[in-house]
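The chain contents come next:
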Amino acid sequence: MATANGELSAEVLRGPEGLDALREPWGGLVAELAVRRYFHSWDWCHCWLHALAEQPAEVCFIAVRRGAQLVAVVPLQPRLRPGPLGAARVLELPAHGHLPLADIACHPDVDPRSLVGAVTAALARTSIAWDLLEFEILLDESVVAGIDRRAWPRVRRDLVKTCDHIACDRPWEDYAATLSTNFRSNLNKARNKLAREPAVEFEIAHEPGAIQAMLPDILQIEASGWKGTAGTAILNDPRLMDFYSRQIAAFASRGGVMLSRLRVDGHTISGEYCMVDSQTLYVIKLAYDENAARLAPGNALLERMFRSIHGQYGLRYINLVGS
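Source: prediction; values computed, not measured. Within each chain, residue numbers correspond to sequence positions counted from 1 in written order. Local features in a predicted model are, by the rule used here, given only for residues with pLDDT of at least 70; side-chain atom pairs are given and counted only at 80 or more, and totals for whole chains, interfaces and linings are based on all residues. Calculation of side-chain values draws on the structure's entire complement of heavy atoms; hydrogens and water are dropped beforehand.

### Things to note about the overall build of the protein chain
Helix and strand content of the protein chain: ten helices and 14 strands. Principal-axis analysis of the C-alpha atoms places the extent of the protein chain at approximately 70 × 40 × 40 Å. Across the 323 residues in the protein chain, those meeting the buried criterion constitute 48%. Only heavy atoms enter the contact rule, under which two residues are in contact if any of them lie within 4.5 Å. Long-range pairs, those at least 24 residues apart, make up 66% of the contacts in the protein chain with a sequence separation of at least 6. When the accessible area of the protein chain is evaluated, it comes to approximately 15100 Å², of which 49% is carbon and sulfur surface. His is not counted, nor are the chain ends; Lys and Arg add positive charge and Asp and Glu add negative charge. Here the site of a charge means atom NZ of a Lys, CZ of an Arg, CG of an Asp or CD of a Glu. Within the protein chain, the 38 negative side-chain charges are centred at a point lying 4 Å from the centre of the 34 positive side-chain charges. Only runs of H or I of at least four residues qualify as helices and only runs of E of at least two qualify as strands under DSSP, and these elements are numbered from the N terminus. We call a residue buried when its accessible area falls under 20% of the maximum for its residue type, exposed when it is over 50%, and partly exposed in between, using a 1.4 Å probe and counting protein chains only. Using a 1.4 Å probe, accessible areas were evaluated by the Shrake-Rupley method; residue-level cover was limited to the displayed protein chains.

### Concerning the nonpolar core
Residues belong to a common nonpolar core when they are buried Ala, Val, Leu, Ile, Met, Phe, Trp, Tyr or Cys residues joined through side-chain atoms within 4.5 Å. Counting residues in each nonpolar core, the largest one holds 48 residues, and the members touching the most others are W26, W48, F243, V257, L259, Y273 and M275. Of the residues forming this core, the biggest block, seven residues, is contributed by helix α3 (residues 42-51). For L259, the residues in contact, after removing those within four places along its chain, are E203, I204, A205, I211, M214, L215, I218, E272, Y273 and C274.

### Here's the deal with the environment of G298
Structurally, the position occupied by G298 is in helix α10 (residues 297-309). For G298, the contacting residues outside a window of four places in its chain are S270, L286 and Y288.

### Structural notes on the sheet that holds strand β9 (residues 165-167)
DSSP-based pairing: two strands are paired if at least 2 bridges between them are found. Spatially, the six strands line up as an open sheet ordered β9-β14-β13-β12-β11-β10, and their pairing is mixed. Edge positions in the sheet fall to β9 and β10 (200-205), since each of these pairs with one other strand and no more. On average, adjacent strands in this sheet sit at an angle of 20 degrees to one another, irrespective of strand direction. Inspection of the sheet shows β9 paired to strand β14 (residues 317-319) by three bridges, in the antiparallel sense. By the bridge assignment, A167 is partnered in β14 with Y317. Each axis is a line fitted through C-alpha atoms, taken for helices only over the stretch in contact, and angles between the N-to-C directions span 0 to 180 degrees.

### Some details on the layout of surface pockets
Here the largest pocket defines a volume of roughly 280 Å³. Along its surface, the largest pocket is lined by 16 residues, and V30, R36, S41, F251 and R254 are the ones closest to its centre. The set of elements that each furnish at least two residues to the lining of the largest pocket consists of α2 (23-31), α3 and β12 (267-277). At five residues, α2 tops the list of elements feeding residues into the lining of the largest pocket. Points on a 1 Å grid over protein atoms alone make up a cavity when a 1.4 Å probe fits among them but cannot get out, and a pocket when they form an open set with protein on both sides within 12 Å along at least five of seven lines; lining residues each have an atom within 4 Å of a point. Grid points are joined across faces, edges and corners, and a volume is the space filled by probe spheres set on the points.

Structural measurements only, silent on function.
Have a look at this one:
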C-alpha cells in the first residue's frame, strides 16, 4: 500500500517478486542519477538477492514515488543484532563481505528528510517490526549522507572510512610525480626487477568471451594464498561463484566487467576483477602470487592498468574501493 508523505509516497515490495516488479522503472531511475554507480542498478541487486541474501523472501524493496514517477528504491534486508538488552531488529542495505559499497538509487532532487519520512511511514503500514534503519558502506555523495540523525533517532548512517581513487585522465608520469619519493623509488625498483624476468605479459579482458577465458586464472590466484588456506576464497564457496557468474552474465555484455592479469614466463603473478561504470574502474578483487612478492605484483598490475586505460577505454578514475 502507498503511504503519502508530502509530495512523496512509498510502497513496500517483498522478495524476488517485488524486485522483478521494479525492473523497468528502476532502470529509468538509474538513468537519471546525478552520479551512477554499478551498485545502484537493478542487476546488481538481483545478483545479490539470488546468490548471497540469507533470507531473499524477507528482503524489502521500498519504492518511493512522486506522483507516478519512481524517484527512489530503498533495498533493506532484516537482521537481528545481539545486544546486552536483547537482539535489535535492524533493516539494513544489502550487506556481505563481497559487497564493499552500497547505496539507495535516488533521484538527485529528493530531499533526504522527506525520503526517510516516506520510507518509515510505509513500513509502519506493514507488519514488519524493526528497531533501527541502518545505511552503511556509503560514499559521501549518497543522498542518505544528508540525513540529520538528530531528527531520526532510529536511523543510522555510516560512510565508508576510506575509498581511495586514482585520477587516470593524464599520463602516468604526471600522476607518478605526485607520489612520495620513497613510493616512486619502490615502484621503480620493482619495475626494474620485473623487466629482468622472462616473458612478462600484461593482458586485459573486456569482452565476454575473453572474460570467461581469463576468469579461472584470476580465481586460482585469489585462492592460492591465505584465502585458499582459510577456505574463504571465491572458488571455495558455491554461493560466491554464483554471485560472480551472475555479475558477468548481467554486466559483461555492456562493458561493465574488466579483468586483467600480469604473467611471468607463462605463470600469472597478479590478477584483478573489476567493475566498470561512469568512466570509473572499480577494483573489486586484486590478488597476487605471494611467492612473487619481491616484484610488487599488485602495484605493477595497477600501474599497467593505469597506463592502458588512459585514453584507451574512456575511463577517468580507478576506484580502489577500500584503502
